[in-house]
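What the coordinates show
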Amino acid sequence: MLPAALRRWLHRPKRSDPRLLSQFFFADERVTRVVAEINGLDAELDPQQYLVLLNQLHLSQAHLLAVIERIMEECIPTQRHSRDYLVKFPEELLVDNLGNHMLFAAEVSPAPRGGGDGGRVPQVGRARGAPRHGQTPGGRLLTPHGSRQCLLAGTFIEVEEAEGAQLRPRARNLLCSLELVRTVLREQSLSQPGTYPEPVRAALVQFDRLFAEFELSYVSSLVAVKSPEEIYRQQEIIVLFCETVERALRSGYLTQEMIDGYEPLLMFTIPRLAIISGLLIYPEGPLSLERGPEQMSRVFSPFYNLLKKIRDLLRVLSAEELCLLERSLPQPPKSSPGPWLEAPPGARWSELRSHYSSTKDMLHTLFVCISGVADQLQTNFASDLRSILKTVFKIVASQGDPSEDLGTGKEDGELLVGDAPRVADCPLCHSPTEGDALRRAGAHGRPEWVPDSTCSQCCACRAPFTLLRRRHHCRSCGKIFCARCSPHTAALPHYGQLKPVRVCTHCYAVHLSPAPRRSRSR
């Protein structure tokens, strides 16, 4: 058998080879090279270069994991471990590079308190003179005694010894599995880069399972993840919000234009109206007060006692008074909202109203209490509320006439050029010569992305960006659009993007040839 070095030289794949195993070979080679540079560097003499190399290591590891992910999708698509647990995670953790965070967390899995490695896998790529536990001169990675950095924030979180004891064996198994995957994929890329034999499939299945188990355990040790019961309760809240929106549309409190335009005011209006609907119209729903607060969603359970007082006051309102209250919720009440009509008298009516000088005073109190509960949701449960409202908007927003997106209904979803929204300063249509030169430049000539901080509205429809209307970059022109103006995906081979990526309606209709446009997946 030929020596490994000679075999690598003889069977080394070409960089132009589009097969995934060939791409893996060069991604793996890049990681190995950066690790070798870090191991040969004295961090005390050159801390700046150490940080540069460390950043290169993170980027190359992220690229390597992305290639392995694509290989698993191609090789074992039906054997992937379920990722249903991701619905339990806070929305802000669901970032594109979450996998790289997990690998990084496994590499720096903390040793037991009191010293000793406790079986910890040796840190890969720790330069001479670098602080132990992988702590960089800037304190980025891991501090002693198991304090680890939060995934997104810059703060450090204490990992309890019991949780660390559970994480260490999972981290060790994950890293060993990753090394096995790298070995078998490297060998396969040097022999037959177009096939995946059974040993390769078995290694990938094991790595995928161990990665998912570590991801769930690690995130659960840092943040509170949703229980299955809480997920179900928040789904009930989504149903309540949707029913509330439908009722508000029928009653004229809201308009479909407000929904389709993602008006920022709706972030406050919908929860306010939903409190009334949940307490009066759907009393057996997710806001049912016949059950204890422990059986309510964590979003509303802290307000259990206040909700009971609100419900008691709502029950003594007449239909006219309830209508006046609901109409005031989308905006602060005016000084003279209109005539206040008295409800029919009764024992409960007299008892509750005796606490207020007038009907107007009682309705104002109700407005303040309902608004206070709904507005506190924005502060105390921002992630949960944002996730709920995003789902509600997907359900209640107008789907639009398909002919609006598909032009005259041409095959493969082709658009008419005249139907595409015009984009100011589009680098591809600024001049035909400039656009052709940009495409010929390939991956090195991709249009420069507009920074998020410089764009406050969609480049096509000019709708302002809000917490619900998010920014999306078009990979073809680099401009920023809302989701409704960038609903397409297409491959951009002239930019080195072989998989479908997000593009705006303008580029999809005007600048893409029929072949990439057939790869549309949305």
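Residues numbered from 1 in each chain as written. Predicted model: local features only at pLDDT ≥ 70, side-chain atom pairs only at ≥ 80, totals over all residues. Heavy atoms only, no water.

Details of the overall build of the protein chain
Scanning the protein chain for helices and strands turns up 18 helices and six strands. Residues classed as buried in the protein chain amount to 46% of the 522 residues present. Put simply, of all contacts in the protein chain between residues at least 6 apart along the chain, 66% involve residues at least 24 apart. Carbon and sulfur atoms make up 54% of the accessible area of the protein chain, which totals about 25900 Å². (Helix = DSSP H or I, 4+ residues; strand = E, 2+ residues; numbered from the N terminus. Buried < 20%, exposed > 50% of the residue type's maximum accessible area, 1.4 Å probe, protein only. Contact = heavy atoms within 4.5 Å. Areas by Shrake-Rupley, 256 points an atom, 1.4 Å probe, with all protein chains shown as cover.)

Remarks on helix 11 (residues 319-328)
Regarding helix 11, the residues found buried are Glu321, Leu322, Leu325, Glu326 and Ser328. Buried residues of helix 11 fall within an arc of 160° about the axis and therefore sit on the same side. (Arc of directions from axis to C-beta.)

Describing the nonpolar core
In this structure, Phe241, Phe300, Leu307, Leu314 and Leu325 are the most contacted members of the largest nonpolar core, which totals 52 residues. The set of elements that each furnish at least two residues to this core consists of helix 7 (228-251), helix 9 (266-281), helix 10 (304-314), helix 11, helix 13 (359-380) and helix 14 (382-396). When neighbours within four sequence positions are excluded, phenylalanine 300 is seen to be in contact with Ile237, Ile275, Leu287, Leu307 and Leu377. In this structure, Leu20, Val35, Leu41 and Leu167 belong to the second largest nonpolar core, which totals 44 residues. (Core = buried A, V, L, I, M, F, W, Y, C linked by side-chain atoms within 4.5 Å.)

Structural notes on the confidence of the model for the protein chain
Here the protein chain averages 74 in pLDDT, and 68% of its residues register 70 or above. Taken as a whole, residues 401-422 scores under 50 in pLDDT and shows 36 contacts with residues more than four places along the chain or in a different chain. Across residues 516-522, confidence stays below pLDDT 50; counting only partners more than four residues off in sequence or on other chains, it has 24 contacts. (pLDDT = per-residue confidence, 0-100.)

As for the packing of helix 9 against helix 14
Between helix 9 and helix 14, whose axes approach to 11 Å, the crossing angle comes to 90°. Taken together, the axes of helix 9 and helix 14 lie roughly perpendicular to each other. Mapping the contact onto sequence places Leu266, Met267, Ile270 and Pro271 in helix 9 and Leu385, Leu389 and Phe393 in helix 14. Its residues assigned to classes, the contact of helix 9 with helix 14 comprises seven nonpolar, no polar and no charged. (Axes fitted to C-alpha atoms, helices over the stretch in contact; angles between N-to-C directions. Parallel < 35°, antiparallel > 145°, perpendicular 65-115°, else oblique. Nonpolar A, V, L, I, M, F, W, Y, C, P; charged D, E, K, R; others polar.)

Concerning unusual backbone geometry
If you check the backbone angles, arginine 462 has positive phi at about 65° while not being a glycine. Structurally, the position occupied by arginine 462 is in the loop between helix 16 (432-440) and strand 3 (472-473).

Topic: the pairing of strand 6 (residues 497-503)
When strand 5 (residues 488-492) meets strand 6, the two strands line up antiparallel, connected through four bridges. Paired with leucine 492 across the two strands is glutamine 497, which belongs to strand 6. (Pairing = 2+ DSSP bridges.)

A few points about the environment of phenylalanine 25
Mapped onto the secondary structure, phenylalanine 25 falls in helix 2 (residues 20-39). Assessed through its relative accessible area of 2%, phenylalanine 25 is described here as buried. Separated by 161 residues in the primary sequence, phenylalanine 25 and arginine 186 have C-alpha atoms spaced 6.0 Å apart.

So, the side chain of arginine 311
Inspection of the secondary structure puts arginine 311 in helix 10. Taking relative accessible area as the criterion, arginine 311 reaches 11% and is therefore assigned buried. Discounting residues that sit within four places of it in the chain, arginine 311 has contacts with Leu279, Leu289 and Glu290.

Comments concerning the pairing of strand 5
Of all the five residues making up strand 5, five are buried; the element is thus mostly covered by neighbouring parts of the structure. Burial of strand 5 is two-sided: the residues His488, Ala490 and Leu492 facing one way and the residues Thr489 and Ala491 facing the other way are all buried. Counted along the chain from strand 5 to the antiparallel partner strand 6, the turn is four residues long, and its residue glycine 496 has a positive phi close to 80°.

Some words on the packing of aromatic side chains
Enumeration over the complete set of coordinates arrives at three aromatic pairs. Centroid distance phenylalanine 25 to phenylalanine 26: 5.3 Å. Interplanar angle 90°. Geometry classified as edge-to-face. Each member of the pair, phenylalanine 25 as well as phenylalanine 26, is classed as buried. (Phe/Tyr/Trp six-rings, centres within 6.5 Å; stacked < 30°, edge-to-face > 60°.)

Side note on the packing of helix 9 against helix 11
For any two helices packed against each other, one specifies the inter-axial angle together with the distance between the axes. Interaxial distance between helix 9 and helix 11 falls to 9 Å at its minimum, and their mutual angle equals 150°. When the interaxial angle is binned, helix 9 and helix 11 end up roughly antiparallel. Within the contact between the two elements, helix 9 uses Leu273, Ile276 and Leu280 and helix 11 uses Leu322, Leu325 and Glu326. A breakdown of the residues in the contact of helix 9 with helix 11 according to their chemical character gives five nonpolar, no polar and one charged.

Side note on the environment of threonine 244
Secondary-structure assignment places threonine 244 in helix 7. The spacing of threonine 244 and leucine 273 is 29 residues in sequence and 6.6 Å in space, taken between C-alpha atoms. Not counting the four nearest positions on each side in its chain, threonine 244 is found in contact with Ile270, Leu273, Ala274 and Ser277.

Re the environment of arginine 291
Tracing the backbone through its elements, the reader meets arginine 291 in the loop between helix 9 and helix 10. Its relative accessible area of 28% is what places arginine 291 among the partly exposed residues. Dropping the residues within four chain positions of it, arginine 291 is found in contact with Gly285, Pro286 and Tyr304.

Considerations on the side chain of glutamine 378
Assignment of secondary structure puts glutamine 378 in helix 13. A residue is classified by how much of its surface remains accessible, and glutamine 378, at 17% relative accessible area, is buried.

Comments concerning the pattern of salt bridges
Here the structure, examined in full by the defined rule, presents 14 salt bridges. The residue arginine 209 makes a salt bridge to glutamate 213 at a minimum N-O spacing of 3.3 Å. In this pair, arginine 209 and glutamate 213 both sit in helix 6 (residues 198-222), four residues apart, roughly one turn of the helix. The network of salt bridges with shared partners includes Asp28, Glu179, Arg182 and Arg186. (Salt bridge = Lys/Arg side-chain N within 4 Å of Asp/Glu carboxyl O.)

Points about the state of the cysteines
Per the stated rule, a full pass over the model turns up zero disulfides. Cysteine cysteine 458 shares no disulfide, and the gap to the nearest cysteine sulfur, in cysteine 461, comes to 3.7 Å. (Disulfide = S-S within 2.5 Å.)

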